[in-house]
Amino acid sequence: MSETHAETAFARKAPVAFVADGQIPASPPPSTAVGPVKWVKDNLFPGPVNTILTLASLAFVALLAYEILPWLIDSSWAPADMSLRGCRAEASGACFAVINERFYQFIFGFYPPEHYWRPTLAFIVVVVSLWPVLFPSAPRKLLILSALSPFICYWLIWGGSIWGPVAVLAAPAVGWLIAAKGGGAITKIVGEDFGPLATIVAAVAGVAIWLLFFLGPVTGALISIAPLALEEVASNRLGGFMLSLIIGLVGIVGSLPLGIALALGRQSKLLIVKAISVGFIETMRGVPLITLLFVASTLLNYFMPPGSNFDLILRVCIMVTLFASAYMAEVIRGGIAALPKGQYEAADAMGLTYWQSMRFIILPQALKISIPNIVSSFIGLFKDTTLVIVIGLLDPLGLSSAIRADQAWNGIVWELYGFIALFFFIFCYGMSRYSQYLERKLRTDHR
Amino acid sequence: MAEPAHMTEREIDRSQMKISDEVAIDIRKMNKWYGDFHVLRDINLTVYRGERIVVCGPSGSGKSTLIRCVNRLEEHQAGEIIVDGTELNSDLKNLDKVRAEVGMVFQHFNLFPHLTILENCTLAPIWVRKTPKKEAEETAMHFLRKVKIPEQAHKYPGQLSGGQQQRVAIARSLCMKPRIMLFDEPTSALDPEMIKEVLDTMIELAEEGMTMICVTHEMGFAQAVANRVIFMDAGQIVEQNEPKEFFTNPKSPRTQLFLSQILGH
Ligand SMILES: Nc1ncnc2c1ncn2[C@@H]1O[C@H](COP(=O)(O)OP(=O)(O)OP(=O)(O)O)[C@@H](O)[C@H]1O
Ligand SMILES: [Mg+2]
């Protein structure tokens, strides 16, 4: 009923028949509908509340600038007297002379200056080998460099004979040889059912035996034949941003695969694998990182074979990696759990094996979902590297304490911490941007 | 009886629809429980090669569970299921063999959203059948042409309509060259206008002599294509018959009730 009413009312007011007379020429939209005016109106002043917020924010930014800019502008970089006193004599603002003077120390710690080229070269190697990992457009052949880069960088930074890293590099080769060549024979001995498992055990055992018993003698023999060596640099001379980067990178690169393995282990139907994974994850997450660092600096030595001198930074790297991998495992498990059951069923129904469906179906999607959280973990891990200060390593924060204890720079605060913050911000912001790029690139749902 | 809603207008070509004496699937006294809940009870079913079986029944009667047992997406606890001469048990080798021979199409398509249509279709042939990539892509394009969407090969599933996605899912199964196809309510997540395109694809498959078990409520499809209709209720096969008899002359009162509910009002 009401519909007909409306219709008749409409018919009475408006003429029913209508023919357009001619074409209305196209005209540009009014300036209030496009361009900067519209943008400002839509984004800054869309309503009373937003207008107030915008104005308050602008006021805050202005205040901040008013406080900080003079300090930045009236700064001193190179006073005649390189000390806080010298700065104060010259300018009323920031005293960046401290960064000017200690710049290399901030980057390299107490690394011997004549060898600065080695960590620098290592950094270049890292950048080049990350390129193909992060961007698929990079030449694929570079991945070989990526695989070798940990050994190259270790050798460059710590020095010593090249045969040490090469012998360690040989360990996976030993494992692979046993698995590939010995697999058939092992399967014959223990039978079809336990063949694969026994092969893995044999390969792992082979690697362990190689590392424990053959590494030393073989390296020694090779050194006596051809001592290709760089001058050794002791771990306690490493410091600064270099140290943060070493620990952070090792942690990031190591925790991702380990985290994936743990996440799969936790989902596994195999009781023992599951128990080990859960136990590891919960232990690592239940303990503060600082405790683990103390374990690394003191306790871990007791578990090492007597006489072996296991580098402190290496121990810290391992601990940080293990710690981060527990968190990583939970992040990735969340991604795996978010996938609909149908994905597993489709993979199963097509006859894919467990590993195939994990590799092609489940993990690519789970990792994609988890990218923001994974990168958050990475960023957290990278910033946590500053905790190594508690076991006496000279990371940037440790250095700044040392510098502040120096007579010449006693009392300086903002310049040092601002500089360190800037460094961390650059790397963390870089990671954050990369994660956004990756998310955009991998988006295939087009919703 | 009312004219089936989503049926194809064309005549169905029955020349290739031959049922042989060879047993494709043999299910004997099969029982399944979910915990204490007895879902499937004493299922006996022999499917001969070339049969087109439609399974129907009220919601929760165990239709999905039954066909999911055939490729062991669900495990049965008693009785035996023999697919293509291979018994389904805890032996993983048998399982892989059976799954490679049996294609399955799901209600919700279950395409892999991170892979293109073509990659969806070539993944299993390449990794399970070890087909060379190029050959697998040719096969995939062949089947995509068959389901009439070759031009979508390089898109992602999220860019396709529901009907197109389901046809891709069918093509994906066919790429494994299965000898048996299972369909679990392939059209019930689709809008009416898309149901027809999927049913047409299934009819074509039937015309080529594929052995099929379809869980569906498309009774028009059952009448046109099936050689046998199975009615399940409360975990049991209550009645089975050739479609004409089944629809015009149902014996069990449960079947009669069910048919009166879904056909007439
Ligand atoms: N994983 C499970 N665990 C416990 N019970 C289940 C599970 N899956 C299904 N069921 C139960 O088993 C019964 C049969 O389920 P099934 O999915 O086979 O029914 P269906 O006939 O396919 O129904 P529909 O037409 O709604 O798809 C239902 O009562 C259901 O609640
Ligand atoms: Mg169902």
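Rules used throughout
- Residues numbered from 1 in each chain as written.
- Chains lettered and ligands numbered in written order.
- Predicted model: local features only at pLDDT ≥ 70, side-chain atom pairs only at ≥ 80, totals over all residues.
- Heavy atoms only, no water.
- Phe/Tyr/Trp six-rings, centres within 6.5 Å; stacked < 30°, edge-to-face > 60°.
- Helix = DSSP H or I, 4+ residues; strand = E, 2+ residues; numbered from the N terminus.
- Buried < 20%, exposed > 50% of the residue type's maximum accessible area, 1.4 Å probe, protein only.
- Pairing = 2+ DSSP bridges.
- Domains from an automatic or database assignment.
- Contact = heavy atoms within 4.5 Å.
- Buried area = accessible area lost by both parts, 1.4 Å probe.
- Salt bridge = Lys/Arg side-chain N within 4 Å of Asp/Glu carboxyl O.
- Polar contact = N/O pair within 3.5 Å; in protein donor to acceptor, adjacent residues only side chain to side chain.
- Nonpolar A, V, L, I, M, F, W, Y, C, P; charged D, E, K, R; others polar.
- pLDDT = per-residue confidence, 0-100.
- Disulfide = S-S within 2.5 Å.

### Things to note about the packing of aromatic side chains
Residues and elements named next belong to chain A.
Point 1. Going through the model one piece at a time under the given rule, you end up with 26 aromatic pairs over all chains.
Point 2. Arranged with centres 5.6 Å apart and planes meeting at 85°, the rings of Phe 135 and Tyr 434 form a pair that is edge-to-face. Within this pair, whereas Phe 135 is found in the loop between helix H6 (117–134) and helix H7 (142–158), its partner Tyr 434 is found in helix H17 (residues 414–442), the two being separated by 299 residues in sequence.
Point 3. For Tyr 434, a relative accessible area of 19% puts it in the buried group.
Point 4. Centroid distance Phe 382 to Phe 427: 5.8 Å. Interplanar angle 50°. Geometry classified as tilted. On the criterion of sequence distance, the pair formed by Phe 382 in helix H15 (residues 354–384) and Phe 427 in helix H17 is long-range, its members being 45 residues apart.
Point 5. Looking at Phe 382, the relative accessible area reads 3%, which means it is buried.
Point 6. On the basis of relative accessible area, Phe 427 is assigned to the partly exposed category, the value being 28%.

### What about the pairing of strand S9 (residues 228–233) of chain B?
Residue and element names in this part refer to chain B.
Point 1. Burial within S9 is extensive, with six of its six residues counted as buried.
Point 2. Side chains of S9 alternate between two faces, with Arg 228, Ile 230 and Met 232 and Val 229, Phe 231 and Asp 233 buried alike.
Point 3. Note: strand S3 (residues 52–56) against S9, four bridges, orientation parallel. Among the inter-strand pairings, Ile 53 is bridged to a residue of S9, identified as Arg 228.
Point 4. Bridge count between S9 and strand S10 (residues 236–241): five bridges; the pairing is antiparallel. Along S10, the bridge assignment pairs Val 229 with Asn 241.
Point 5. Once S9 ends, the chain turns through two residues before running back antiparallel as S10, passing Ala 234 with a positive phi of about 50°.

### Points about the domain arrangement of chain A
Point 1. By the assigned domains, chain A splits into domain 1 (105–111 + 237–442) and domain 2 (161–230).
Point 2. The C-alpha-based centres of domain 1 of chain A and domain 2 of chain A are spaced at 27 Å.

### Quick word on the interface of chain B and chain A
The parts lose accessible area when they come together, and the size of an interface is often stated as this lost area.
Point 1. Listed per partner, the contact involves 25 residues of chain B and 21 residues of chain A.
Point 2. For the pair chain B and chain A, the summed buried surface comes to about 2,000 Å²; carbon and sulfur atoms form 62% of the total.
Point 3. For chain B, the biggest contributors to the area lost against chain A are Phe112(B), His114(B) and Trp127(B); these three give 28% of the whole.
Point 4. For Arg68(B), the salt bridge goes to Glu345(A), with nearest N and O atoms at 2.6 Å.
Point 5. Here chain B is connected to chain A by six residue pairs in polar contact (both at pLDDT 80 or more).
Point 6. Put simply, the parts of the chain that give the side of chain B that touches chain A at least two residues each are helix H2 (92–101), strand S6 (102–105) and helix H3 (117–127) of chain B.
Point 7. Taken together, the residues of the side of chain B that touches chain A sort by class into 14 nonpolar, five polar and six charged.

### Side note on the confidence of the model for chain B
Point 1. On average, chain B scores 90 in pLDDT, and the residues at 70 or more come to 96%.
Point 2. The ipTM assigned to the predicted complex is 0.90, against a pTM of 0.84.

### What about the state of the cysteines?
Point 1. Taken as a whole and judged by the stated rule, the model has one disulfide over all chains.
Point 2. The partner cysteine of Cys87(A) in its disulfide is Cys95(A), sulfur to sulfur 2.0 Å. Between Cys87(A) and Cys95(A), the S-S dihedral sits near 60°, and the bridge is therefore right-handed.
Point 3. No disulfide involves Cys121(B); its sulfur sits 4.5 Å from the nearest other cysteine sulfur, which is in Cys175(B).
Point 4. The exposure class of Cys121(B) is buried, given its relative accessible area of 0%.
Point 5. For Cys214(B), which is in no disulfide, the shortest distance to another cysteine sulfur is to Cys56(B) and amounts to 12 Å.
Point 6. Of the residues examined, Cys214(B) reaches a relative accessible area of 2% and is grouped as buried.

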